[in-house]
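Survey of secondary and tertiary structure
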There are 2 protein chains.
Amino acid sequence: MLDNLTEMLKGVLEGCVLEIISRNETYGYEITRQLNALGFADVVEGTVYTILIRLEKSQLVDTTKKPSDMGPPRKFFALNDAGREELQKFWGKWEFVSSKMNELKERN
Amino acid sequence: MLDNLTEMLKGVLEGCVLEIISRNETYGYEITRQLNALGFADVVEGTVYTILIRLEKSQLVDTTKKPSDMGPPRKFFALNDAGREELQKFWGKWEFVSSKMNELKERN
DNA sequence: ATCCGCTACTATGTGTTACTATGTAGTGGT
DNA sequence: ACCACTACATAGTAACACATAGTAGCGGAT
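Let me begin by describing the structure that accompanies this report.

The rules behind the values
- Residues numbered from 1 in each chain as written.
- Chains lettered and ligands numbered in written order.
- Predicted model: local features only at pLDDT ≥ 70, side-chain atom pairs only at ≥ 80, totals over all residues.
- Heavy atoms only, no water.
- Helix = DSSP H or I, 4+ residues; strand = E, 2+ residues; numbered from the N terminus.
- Contact = heavy atoms within 4.5 Å.
- Areas by Shrake-Rupley, 256 points an atom, 1.4 Å probe, with all protein chains shown as cover.
- Pairing = 2+ DSSP bridges.
- Near = heavy atom within 4 Å.
- Polar contact = N/O pair within 3.5 Å; in protein donor to acceptor, adjacent residues only side chain to side chain.
- Nonpolar A, V, L, I, M, F, W, Y, C, P; charged D, E, K, R; others polar.
- Buried area = accessible area lost by both parts, 1.4 Å probe.
- Salt bridge = Lys/Arg side-chain N within 4 Å of Asp/Glu carboxyl O.
- Core = buried A, V, L, I, M, F, W, Y, C linked by side-chain atoms within 4.5 Å.
- Buried < 20%, exposed > 50% of the residue type's maximum accessible area, 1.4 Å probe, protein only.
- Least-squares fit on C-alpha atoms with pLDDT ≥ 70 in both.

1. A few points about the overall build of chain A
Helices and strands together make up the secondary structure of chain A, namely five helices and three strands. Listing every helix and strand of chain A by position from the N terminus yields α-α-β-α-α-β-β-α. If you line up chain A on its principal axes, its C-alpha atoms span 55 × 35 × 20 Å. The contacts in chain A between residues at least 6 apart in sequence include a share of 47% that link residues at least 24 apart. Carbon and sulfur atoms make up 50% of the accessible area of chain A, which totals about 6000 Å².

2. Description of the sheet that holds strand 1 (residues 26-27) of chain A
Pairing is antiparallel in the open sheet, where three strands are placed in the order 1-3-2 (chain A). Strands with a single pairing partner mark the edges of an open sheet, and in this sheet they are strand 1 and strand 2 (61-66) of chain A.

3. Structural notes on the protein's contact with DNA strand C
Of all residues adjacent to DNA strand C, which total 31 residues, the nearest are Tyr-29, Tyr-49, Arg-74 and Lys-75 of chain A together with Arg-54 of chain B. Near-protein atoms of DNA strand C (within 4 Å) split between backbone and bases, with sugar and phosphate holding 71%. In this structure, Lys-10 of chain A approaches DNA strand C through a side-chain N or O atom, which is 2.7 Å from a base oxygen. The element best represented in the surface near DNA strand C is helix 4 (residues 45-57) of chain B, accounting for five residues. For the surface near DNA strand C, a count of residues per class yields 13 nonpolar, nine polar and nine charged.

4. Focus on the side chain of Glu-19 of chain A
When you line up the elements, Glu-19 of chain A lands in helix 2 (residues 13-23). If near-sequence neighbours (up to four positions away) are discounted, Glu-19 of chain A is found in contact with Leu-87 and Trp-91 of chain A together with Leu-104 of chain B.

5. Describing the interface of chain B and chain A
Accessible area lost upon the coming together of the parts serves often as the stated size of an interface. Listed per partner, the contact involves 35 residues of chain B and 36 residues of chain A. Carbon and sulfur atoms supply 70% of the area that chain B and chain A bury against each other, a total of about 3700 Å² over both sides. In this assembly, chain B and chain A are joined by two salt bridges. Between Lys-105 of chain A and Glu-95 of chain B there is a salt bridge, with its nearest N and O atoms 2.3 Å apart. There are eleven residue pairs in polar contact (both at pLDDT 80 or more) connecting chain B and chain A. Secondary structure elements with two or more residues in the side of chain B that touches chain A: helix 1 (6-9), helix 2 (13-23), helix 3 (28-38) and helix 5 (81-106) of chain B. Residue contributions to the side of chain B that touches chain A peak at 16 residues, all from helix 5 of chain B.

6. Some thoughts on the nonpolar core
By size, the foremost hydrophobic cluster in this structure holds 60 residues, and its most contacted members are Leu-35 and Phe-40 of chain A together with Leu-35 of chain B. Setting aside chain neighbours within four positions, we find Leu-35 of chain A in contact with Leu-13, Cys-16, Val-17, Ile-20, Phe-40, Val-43 and Val-48 of chain A.

7. Concerning the relation of the copies chain B and chain A
Aligned on chain A, chain B shows an RMSD of 0.1 Å; the corresponding rotation is 180° and the shift along the axis is 0.0 Å. Look at the turn and shift together and you get a two-fold axis relating the two. Among all residues of chain B, the one whose C-alpha sits closest to the rotation axis is Lys-10 of chain B, at a distance of 3.1 Å. Interface overlap between copies: 100% of the residues of chain B at the interface are likewise at the interface in chain A, consistent with a symmetric, same-surface contact.

Dropping the structure here:
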């Protein structure tokens, strides 16, 4: 129905991942499932993993590997201080853009 | 303060331009000014012109050139039926993403 | 024993997009 | 003559989501 969200997700998906991680230390596969459950049904693992690697390189997250009884070992991600700061900045930006968009939409 | 909105504007800026055009037949330079006034202060003409050319190629707008007494002739843009449909789709997508984002943000 | 499905991670390449930078050109004021 | 403002155009860049493919562990069914 609302065919392709890809472009609109640019710049917000990373924030979503940060938010999800901030709630609970978690791992890529699970994050993908949560995003899908949220409604972003077309988001695939490849996308999430590239985001996670980016977050790791930017040193916004700490990682630990833990065994799983359901498959291969899981790489858990947790926000560090820089990550929490980035998350706050993200919501600030979202609030700004989102308010401006609604302003534009409602104005007549 | 909220340093770089670039990535978050991807996918929404085109919709903003569509919305602005839908209100009044207008031209690139003026659209840029309106976006700046809205709060998207860093959006520059080059960005808007590429969007306008894209809209033209996608046949979402009709164009007419009109002389100006303030400078070079202006290229006016107006939405056609396809453009109006696209605009509606855009707001549908925005509504969806935006609601999901707020759901994610508020949930605790 | 073998295959399949699910879990879980990694890597390479592609298309789209906003932005940078630069150039052209018309008008009016000083 | 010069400059600021108006107005449009375009080649190149960086960042991002996504496509695609591969590797690998585990459990259940055939």
